[in-house]
Each structure stands twice: as C-alpha cells, then as structure tokens.
Amino acid sequence: MNEDLTWEVRYEAAGSESRQQDLAKACFYWKKGGQLMRSAEFTRSELEVECERLCETGTDLTQFVLALKQLALSTGQAEREDAAPHGVDQRRS
C-alpha cells in the first residue's frame, strides 16, 4: 500500500498582528491506510532546499513544487495586498 501525501499552507504569527509579519509554512502529511505516518513543515526557503534534495534522489516533486508556488503566492499577496491567498489556507488566530 502506498502512502498518500497531502499538504496545506499555514500561517504562524511572527510576533505582530500584521499579516505581513506572518510566517507561511507548507505542512505535509503522509498517510498510509488512513493513519498519519509522518508529517513535516517547511518555510519557503526550507522547502526550496528540500526540493533540491529530493530532486537528487529522483523523488516525484509535483506536490512539493505546488506547495512552493503556493508559499510564494501567499507571501507575495500578503505583502502587496494584505489579502488571503488562493488554495488551502488555515490561519491561526
């Protein structure tokens, strides 16, 4: 049985009420048979490094690249418009 990989973008306040100061992270979840096997979270720069590492191992990067794009859009939109990004988005209050 293969592992199912899902991900979402979450935001953690960086000590300020401003959304510009929020830290976006991509959270990945690997499930097997409906049970969580492992999880990991990455900032944009951490995910860039992880993608490079996974590329060297021949891993399918599709979901990681999609998450990286979402992080880029999320941080760019928050900085420019203070608007909610597209896609999976869970903000912590």
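Note that the coordinates shown come from a computational prediction; the quantities given were computed from them, not determined experimentally.

Conventions used here
For every chain, the first residue of the written sequence is number 1, and numbering continues from 1 along that sequence. The model is predicted, so local features are restricted to residues of pLDDT at least 70 and side-chain atom pairs to those at 80 or more, both for listing and for counting; the totals for chains, interfaces and linings are taken over all residues. With hydrogens and water excluded, all non-hydrogen atoms of the structure serve as input to the side-chain values. Pairing between strands is defined by DSSP: at least two bridges between the two strands are required. Strands here mean DSSP runs of E at least two residues long; helices mean DSSP runs of H or I at least four residues long; both are numbered from the N terminus. The quantity called pLDDT is the predictor's confidence in a given residue, expressed from 0 to 100. The term salt bridge refers to a pairing of a side-chain nitrogen on Lys or Arg with a carboxyl oxygen on Asp or Glu at a separation within 4 Å. Stacked, tilted and edge-to-face pairs are distinguished by plane angle, under 30 degrees for stacked and over 60 for edge-to-face with tilted covering the rest, among Phe, Tyr and Trp rings (Trp via its six-membered ring) whose centres lie within 6.5 Å. Accessible area is worked out with a 1.4 Å probe on protein chains only. A residue is then buried under 20% of its type maximum, exposed over 50%, and partly exposed in between. Placement of a positive charge over a ring is assigned whenever Lys NZ or Arg CZ falls within 6 Å of the ring centre and within 35 degrees of the normal to the ring plane. Note on terminology: a nonpolar core comprises buried Ala, Val, Leu, Ile, Met, Phe, Trp, Tyr and Cys residues joined through side-chain atoms within 4.5 Å. The criterion used for residue contact is that any of the two residues' heavy atoms lie within 4.5 Å.

(A) Main features of the pairing of strand β3 (residues 35-42). Sheet topology note: the strand β2 (residues 23-32)/β3 ladder contains seven bridges and is antiparallel. What sits directly across from Lys31, in β3, is Leu36.

(B) Fine view of the confidence of the model for the chain. When the pLDDT values of the chain are averaged, the result is 80; 70% of them are 70 or greater. The secondary-structure element of the chain with the lowest mean pLDDT is strand β4 (residues 89-91), recorded at 43, while β3 shows the highest, at 96.

(C) Main features of the pattern of salt bridges. Inspection of every chain in the model, using the stated rule, returns six salt bridges. A salt bridge links Arg38 to Glu3, with the nearest nitrogen and oxygen atoms 3.2 Å apart. Of this pair, Arg38 sits in strand β3 while Glu3 is found in the segment before β1 (4-12), placing the two residues 35 residues apart along the sequence. Within the structure, one salt-bridge network assembled from shared partners comprises Glu12, Lys25 and Glu41.

(D) Spatial organisation of the packing of aromatic side chains. What the rule picks out here adds up to four aromatic pairs. An angle of 70° between the planes, with centres 5.8 Å apart, marks the rings of Phe28 and Phe42 as edge-to-face. Of this pair, Phe28 sits in strand β2 while Phe42 sits in strand β3, and the two are 14 residues apart along the sequence. By relative accessible area, which is 0% here, Phe28 ends up buried. Chaining the aromatic ring pairs together yields one cluster made of Phe28, Trp30, Phe42 and Phe64. The cationic tip of Arg38 hangs over the ring face of Trp30; the distance from NZ or CZ to the ring centre is 4.3 Å.

(E) The nonpolar core, seen in detail. Counting residues in each nonpolar core, the largest one holds 16 residues, and the members touching the most others are Val9, Ala26, Phe28, Leu47, Phe64, Ala67 and Leu71. Of all the elements in the fold, those that place two or more residues in this core are β1, β2, α1 (44-57) and α2 (62-80). In contact with Leu71, not counting residues within four places along its chain, are Val9, Ala24, Lys25, Ala26, Phe42, Thr43, Arg44 and Leu47.

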